[in-house]
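# Structural overview for review
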Amino acid sequence: MPCTVIVGAFWGDEGKGKIISYLALKDNVDYCVRTGSVNAAHTVWTKGKKYALHMVPAGFVNPKCRLFIAAGANVHVAKFFEEVELTKVHKRISIDNNASIIEEKHSAQDKASAFNKGLGTTGWGVGPALEERARRTAKLAKDLPELKPYVLDTVTEINQGIDQGKNVLLEGTQGFMLSLYFGTYPYVTGRDTGASAIASEAGVGPTRVNDVLIVYKSFITRVGTGPLPGEITKEEAQKRGWFEISAGTGRDRRSAPFDFDLAKKTAKINGATQSAVTKLDCIYPKCQGERRFDELPIEAKQFIKEIETQTGIPVTLIGTGPDALDIVDRRK
Ligand code: IMP
Ligand code: MG
């Protein structure tokens, strides 16, 4: 804090939603800004209820947190209204004037494209919607009467918040290895997913960001096609207790063990100042629900220390279960 970027280290689904919801509750985050688009689902567990959010920022769990959808984001109108209703955030969510609109036709184009099928896109149409934005023919949020009550110059609002010393979280989506620039091209998404791009989408200059928190999961997963170094079989993943199904599309997630070289590289390129490691309980079941570092089994502590040694940044938050509060917080 005060202005922190949350970025995913691998191919998405690192557990950013959980980390953001924890920070929103614990650090009294004033503003949470969602970037990216509807292809990314952020899972948040709070008060025994599970949310898979495609539009509403994960900081919604704190009722005092104001929510913004960034100027660089891409809004799916039906999903936006559905989630606003679900999370009851009508009075505290705004969409930037210049956010672009993703339409049904983009999804149809995405699904009809044999090439995109080969990439295993989510089918939401984010690539085609961003193409249209680059052609300068996209609809923007300010063009739609039904969005009028929500539309705002969020860029001014967010920057004024930073001036006033508010706690601002810039919520990245997907993972760094899906970046259009730095990922495993062409098996990537339609935008840069890195920390600089997250700040850029929100309209926050690089000198105004105080912290970059990179989120690692204790193992790596990927949905869709493209390289995944060290990939293991579904059977092996089930045996190890880390097999997952995608929150967004219901597809099986492919998986691989944690990759220290990749962790080091992504920390460096994103300028990370600290990291979170999620799902430690999936690889060390004795960690389940633990909230104190001292209580973790020795192998789990060694794993965390190895991540710190290799990346050169502290692991400040460790996820030990699905609930927003199942965290070892080492900042205290
Ligand atoms: P697109 O973003 O729908 O164009 O899909 C491009 C690639 O990114 C595919 O491999 C998708 O599975 C992957 N992808 C897109 N969004 C997410 C996400 O939120 N989590 C994980 N993978 C994603
Ligand atoms: Mg996800």
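A short tour of the structure in this document, coming up. (Residues numbered from 1 in each chain as written. Chains lettered and ligands numbered in written order. Predicted model: local features only at pLDDT ≥ 70, side-chain atom pairs only at ≥ 80, totals over all residues. Heavy atoms only, no water.)

## Examining the packing of helix H3 (residues 104-112) against helix H5 (residues 126-134)
- One way to put it is that H3 packs onto H5 with a least axis distance of 7 Å and a crossing angle of 120 degrees. The angle between H3 and H5 falls in the class oblique. Judged by the twist between their axes, the crossing of H3 over H5 is right-handed. Facing Lys-105, His-106, Gln-109 and Asp-110 of H3, the residues of H5 in contact are Val-126, Pro-128, Ala-129 and Glu-132.
- Its residues assigned to classes, the contact of H3 with H5 comprises three nonpolar, two polar and three charged. (Axes fitted to C-alpha atoms, helices over the stretch in contact; angles between N-to-C directions. Helix = DSSP H or I, 4+ residues; strand = E, 2+ residues; numbered from the N terminus. Parallel < 35°, antiparallel > 145°, perpendicular 65-115°, else oblique. Left-handed = near helix turned anticlockwise from the far one by under 90°. Contact = heavy atoms within 4.5 Å. Nonpolar A, V, L, I, M, F, W, Y, C, P; charged D, E, K, R; others polar.)

## Side note on the coordination of the magnesium ion (ligand 2)
- Every protein donor of the magnesium ion (ligand 2) is accounted for by Asp-13 (OD) and Ala-41 (O), and the metal-donor separations fall at 2.0 to 2.4 Å. Here Asp-13 is found in the loop between strand S1 (3-8) and helix H1 (16-26), whereas its partner Ala-41 is found in the loop between strand S2 (31-34) and strand S3 (42-46), with 28 residues between them in sequence.
- On the basis of relative accessible area, Asp-13 is assigned to the partly exposed category, the value being 24%. (Donors = N, O, S within 2.8 Å, 3.2 Å for Na, K, Ca; no water. Buried < 20%, exposed > 50% of the residue type's maximum accessible area, 1.4 Å probe, protein only.)

## Re the nonpolar core
- One finds Phe-80, Leu-170 and Tyr-216 to be the most contacted residues of the largest nonpolar core, which totals 92 residues.
- Setting aside anything within four residues of it in sequence, one finds Leu-170 in contact with Cys-3, Thr-4, Val-5, Ile-6, Val-33, Ile-198, Ala-199, Ala-202 and Val-204. (Core = buried A, V, L, I, M, F, W, Y, C linked by side-chain atoms within 4.5 Å.)

## Focus: the pattern of salt bridges
- According to the stated counting rule, one finds 23 salt bridges in the structure shown.
- Among the salt bridges present, the one from Arg-331 reaches Asp-27, with a minimum N-O distance of 2.7 Å. Remark: Asp-27 occurs in the loop between H1 and S2 and Arg-331 occurs in the segment after strand S16 (327-329); sequence separation between them is 304 residues.
- In this structure Asp-27 comes out as buried when scored by relative accessible area, which is 16%.
- For Arg-254, the salt bridge identified is with Glu-231, shortest N-O distance 2.9 Å. One end of the pair, Arg-254, is in strand S13 (residues 254-257); the other, Glu-231, is in the loop between strand S12 (219-222) and helix H8 (234-240), with 23 residues separating them in the sequence.
- The class of Glu-231 is partly exposed, set by a relative accessible area of 37%.
- Taken together, the salt bridges that share partners define one network made up of Asp-13, Lys-217, Glu-244, Arg-253 and Lys-279. (Salt bridge = Lys/Arg side-chain N within 4 Å of Asp/Glu carboxyl O.)

## Notes on the packing of aromatic side chains
- For the coordinates displayed, the defined rule picks out 15 aromatic pairs.
- An angle of 80 degrees between the planes, with centres 5.2 Å apart, marks the rings of Phe-80 and Tyr-150 as edge-to-face. With Phe-80 in helix H2 (residues 77-87) and Tyr-150 in the loop between H5 and strand S9 (151-152), the pair connects residues that are 70 residues apart, well separated along the chain.
- The interplanar angle of 5 degrees and the centroid separation of 4.9 Å between the aromatic rings of Phe-219 and Trp-242 together place this pair among those described as stacked. Within this pair, whereas Phe-219 is found in strand S12, its partner Trp-242 is found in the loop between H8 and S13, the two being separated by 23 residues in sequence. When sorted by exposure, Phe-219 lands in the same class as Trp-242, which is buried.
- The structure contains a cluster of three or more aromatic residues connected by ring pairs, namely Phe-10, Tyr-216, Phe-258, Phe-260, Tyr-284 and Phe-303.
- Between the NZ or CZ atom of Arg-330 and the centre of the ring of Phe-293, over which it lies, the distance is 4.0 Å. (Phe/Tyr/Trp six-rings, centres within 6.5 Å; stacked < 30°, edge-to-face > 60°. Lys NZ or Arg CZ within 6 Å of the ring centre and 35° of its normal.)

## Focus: the packing of helix H9 (residues 260-269) against helix H11 (residues 298-311)
- Where H9 meets H11, the closest approach of the two axes is 9 Å, and the angle between their N-to-C directions is 50 degrees. Taken together, the axis directions place H9 and H11 in an arrangement best described as oblique. Classified by chirality, the crossing of H11 by H9 is right-handed. Facing H9, whose interface residues are Phe-260, Ala-263, Lys-264 and Ala-267, H11 presents Phe-303, Glu-306, Ile-307, Gln-310 and Thr-311.
- Residues belonging to the contact of H9 with H11 are distributed by class as follows: five nonpolar, two polar and two charged.

## Quick notes on helix H7 (residues 195-202)
- Among the eight residues that make up H7, six are buried, leaving the element largely enclosed by the rest of the structure.
- Buried within H7 are the following residues: Ala-195, Ala-197, Ile-198, Ala-199, Glu-201 and Ala-202.
- Contacts from the buried residues of H7 go to S1, S2, helix H6 (154-163), strand S10 (168-171) and strand S11 (211-217).
- Directly beyond the C-terminal end of H7, a positive phi value near 80 degrees is found at Gly-203.

## Side note on the environment of Arg-331
- Under the relative-accessibility criterion, Arg-331 is labelled partly exposed at 35%.
- Considering only alpha carbons, one finds Arg-331 and Thr-316, 15 residues apart in sequence, at a separation of 5.7 Å.
- Apart from residues no more than four positions distant in its own chain, Arg-331 is found in contact with Tyr-22, Leu-23, Asp-27, Gln-274, Thr-316 and Leu-317.
- Polar side-chain contacts of Arg-331 include one of 2.7 Å to the side chain of Asp-27.
- Side-chain polar atoms of Arg-331 contact the side chain of Asp-329, separated by 3.0 Å. (Polar contact = N/O pair within 3.5 Å; in protein donor to acceptor, adjacent residues only side chain to side chain.)

## A closer look at the sheet that holds strand S14 (residues 274-278)
- Here we have 10 strands laid out as an open sheet, ordered S9-S7-S5-S2-S10-S1-S11-S14-S15-S16, and mixed in their pairing. Of all the strands in the sheet, the pair left with one neighbour each is S9 and S16.
- The pairing of S1 with S10 spans four bridges and is classified as parallel. By the bridge assignment, Val-5 is partnered in S10 with Leu-170.
- Along the sheet, H1 contacts S1, S2, S10, S11, S14, strand S15 (315-319) and S16; its crossing angle with S1, the most-contacted strand, is approximately 160 degrees.
- Packing against the sheet, H6 makes contact with S1, S2, strand S5 (66-69), strand S7 (93-96), S9 and S10, and its axis sits at approximately 135 degrees to S5. (Pairing = 2+ DSSP bridges.)

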